[in-house]
Amino acid sequence: MSKRRVVVTGMGIISPVGNDIATAWKNVVEGNTGIGPVTDFDASAYATRIAGEVRGFDPVEAYFAGTDVPEDDRRSIAKDFKRMDPFIHYGIVAGTHAFRQSGLVITEENAGRVGVAAGAGIGGLHTIEATALELAEKGPRKVSPFFVPSSIINMVAGNLSIYHGMKGPNIALVSACTTAAHNIGMAMRLIQYGDADAMLAGGAEFATTPTAMAGFCSAKAMSTRNDDPAHASRPWDTGRDGFLLSNGAGMLMLEEYEFAKARGANILAEIIGFGMSGDAYHITAPSGDGAELAMRNALHDAGLKAEDVQYVNAHGTSTPVGDLGEAKAIRSVFGEHATKKGKFAVSSTKSVTGHLLGAAGGVEAIFTIMALRDGIIPPTMNLVDVDPEVAALGMDLVPNKAEKADLTVAVSNSFGFGGTNGTLAFRRV
């Protein structure tokens, strides 16, 4: 059985650098940071007091943006949203924006062929924390009956299915920081092999909560450049000292090519490859071997040679070990082609967005597609003094300024705790 082609027809984003595609992409290309002081709670006692928070976001207003709906519908959604964790808000809004951009209309005939694959790396910590405190203070009778559905990870997918009448596959893969990439890749597989004709896919996260921040601080995983948030995330720089925790969502509308073509959809890109792997090494430290295998698997799946790829949107979190391991893996996979400036480049958009955990792969897939469409490689900001071991690899890391390029194929990497890895390959159409 031959695999069916899969294309992207819609995109939606909520992020520290913007809550629509145009704003977010402009800020990424211009190198405008989304990192700032934590305002969601009092972080004064924390080693890390900066993060990538979502700003200027009203979930109800964002959900209905650009639509003309009856007031009763608006009130109903507002009532629903009061019972949801913020990560669900982010996922629903980003998914709805992607769905609307696609122009797909759900009918009685096609509803069972349209599904959702959307997860989170951690899920409803904000709601879990608040409920645990309420339980301790007031007892079990005061716990909301909506506690569980307001916090469990699959409720981004569940609510998108309910709101838009999507009766096809409804899944929520959870794989730490690879979550969104895995959901997009598996949605692609479902379409390729005929389980669906269209899938909304990606991830969402709201993790700037007291317990999550405390846990990452205790692990010494995050940057402590609290007095200089704009320059704290610095992938591959010798001064990198950890990632920055961020919130948001990134969602794609995927469709089978002929299905999209038949209805005259505007095709944004084609997703042509998906690779997965496991490090089998350590719960938090990457091995590098797993990253290499995921990329090789994606190239094999897409039928690509190393020289067919012009850009890698790296996982690049700004950690000492992870950045070096990924750089070596990229150099190993792409060989001498990786050293040809003007023909191959690598950059990390986390230098301005921070790390969105389970949403990262969705947001970065969007930036990868935008790079293909606009012929612009976004920069790695704050790259002033390149790690000598990384510099020795000879790759263009696009330091501090975007580069114009003729791009045909680009890949996006996502790696997570537990050694779970995913790589997506996209082609310009």
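Before reading further, recall that the structure is shown in the block above.
Structural notes, computed from the coordinates. (Residues numbered from 1 in each chain as written. Predicted model: local features only at pLDDT ≥ 70, side-chain atom pairs only at ≥ 80, totals over all residues. Heavy atoms only, no water.)

**Some details on the overall build of the protein**
Reasoning step 1: Scanning the protein from terminus to terminus reveals 14 helices and 14 strands.
Reasoning step 2: Its C-alpha atoms give the protein a radius of gyration of 20 Å, within 12% of the compact-globule value 22 Å for 429 residues.
Reasoning step 3: The dimensions of the protein, computed from C-alpha atoms along their principal axes, are 60 × 55 × 40 Å.
Reasoning step 4: Sequence-distant contacts, at least 24 apart, represent 79% of the contacts inside the protein between residues at least 6 apart.
Reasoning step 5: Accessible surface, the protein as shown: approximately 16400 Å² in total, 54% of it carbon and sulfur.
Reasoning step 6: Each charge sign in the protein was given a centre, from 37 positive and 46 negative side chains, and these centres are 2 Å apart. (Helix = DSSP H or I, 4+ residues; strand = E, 2+ residues; numbered from the N terminus. Rg over C-alpha atoms; globule rule 2.2 N^0.38 Å. Contact = heavy atoms within 4.5 Å. Areas by Shrake-Rupley, 256 points an atom, 1.4 Å probe, with all protein chains shown as cover. Lys, Arg positive; Asp, Glu negative; His and termini not counted. Charge placed at Lys NZ, Arg CZ, Asp CG, Glu CD.)

**A closer look at the nonpolar core**
Reasoning step 1: Counting residues in each nonpolar core, the largest one holds 47 residues, and the members touching the most others are M11, L252, L254, F367 and F426.
Reasoning step 2: Excluding its chain neighbours within four sequence positions, the residues that come into contact with M11 are I21, H97, A98, Q101, M251, L252, L268, I366, I369 and M370.
Reasoning step 3: Listed in part, the 36 residues of the second largest apolar core include F87, A157, A249 and M251. (Core = buried A, V, L, I, M, F, W, Y, C linked by side-chain atoms within 4.5 Å. Buried < 20%, exposed > 50% of the residue type's maximum accessible area, 1.4 Å probe, protein only.)

**Regarding the side chain of N247**
Reasoning step 1: Within the secondary structure, N247 sits in the loop between α8 (210–218) and β7 (248–256).
Reasoning step 2: By relative accessible area, N247 is classed as buried at 0%.

**As for the pattern of salt bridges**
Reasoning step 1: Taken as a whole and assessed by the stated rule, the structure comprises 21 salt bridges.
Reasoning step 2: Note that R75 and D72 form a salt bridge whose closest N and O atoms lie 2.3 Å from each other. With a gap of three residues between them, R75 and D72 both fall in helix α3 (residues 71–81), about one helical turn apart.
Reasoning step 3: The exposed category is assigned to D72, whose relative accessible area is 52%.
Reasoning step 4: Here K350 makes a salt bridge to E364, at a shortest N to O gap of 2.9 Å. Of the two residues, K350 sits in helix α12 (residues 350–353) while E364 sits in helix α13 (residues 360–374), which places them 14 residues apart along the sequence.
Reasoning step 5: Under the relative-accessibility criterion, K350 is labelled buried at 1%.
Reasoning step 6: Through salt bridges with shared partners, a single ionic network connects K3, R189 and D301. (Salt bridge = Lys/Arg side-chain N within 4 Å of Asp/Glu carboxyl O.)

**Comments concerning the pairing of strand β1 (residues 6–14)**
Reasoning step 1: Within β1, nine of the nine residues are buried, which leaves it mostly tucked inside the rest of the structure.
Reasoning step 2: Across three bridges, the pairing between β1 and strand β8 (residues 269–278) is antiparallel. Residue pairing in the sheet places V7 in a bridge with E270 of β8.
Reasoning step 3: Bridge analysis of β1 against β7 gives eight bridges, and the strand direction is antiparallel. Looking across to β7, one finds that I13 is bridged to G250. (Pairing = 2+ DSSP bridges.)

**A few points about the packing of aromatic side chains**
Reasoning step 1: Per the counting criterion, the structure on display carries ten aromatic pairs.
Reasoning step 2: Both rings, one in F41 and one in Y46, keep their centres 5.2 Å apart while their planes meet at 65 degrees; by these two values the pair is edge-to-face.
Reasoning step 3: On the basis of relative accessibility, which here comes to 14%, the residue F41 falls in the buried class.
Reasoning step 4: Where F57 meets Y90, the ring centres are 5.2 Å apart and the plane angle is 65 degrees; that geometry is what we call edge-to-face. On the criterion of sequence distance, the pair formed by F57 in the loop between β3 (50–51) and α2 (59–64) and Y90 in helix α4 (residues 86–102) is long-range, its members being 33 residues apart.
Reasoning step 5: Judged by relative accessible area, Y90 falls into the buried class, the value being 6%.
Reasoning step 6: An aromatic cluster of at least three residues, connected via ring pairs, comprises Y63, F64, F81 and Y163.
Reasoning step 7: When the ring centre of Y63 is taken as reference, the NZ or CZ atom of R100 above it lies at 5.0 Å. (Phe/Tyr/Trp six-rings, centres within 6.5 Å; stacked < 30°, edge-to-face > 60°. Lys NZ or Arg CZ within 6 Å of the ring centre and 35° of its normal.)

Worth remembering: the numbers are spatial, not functional.
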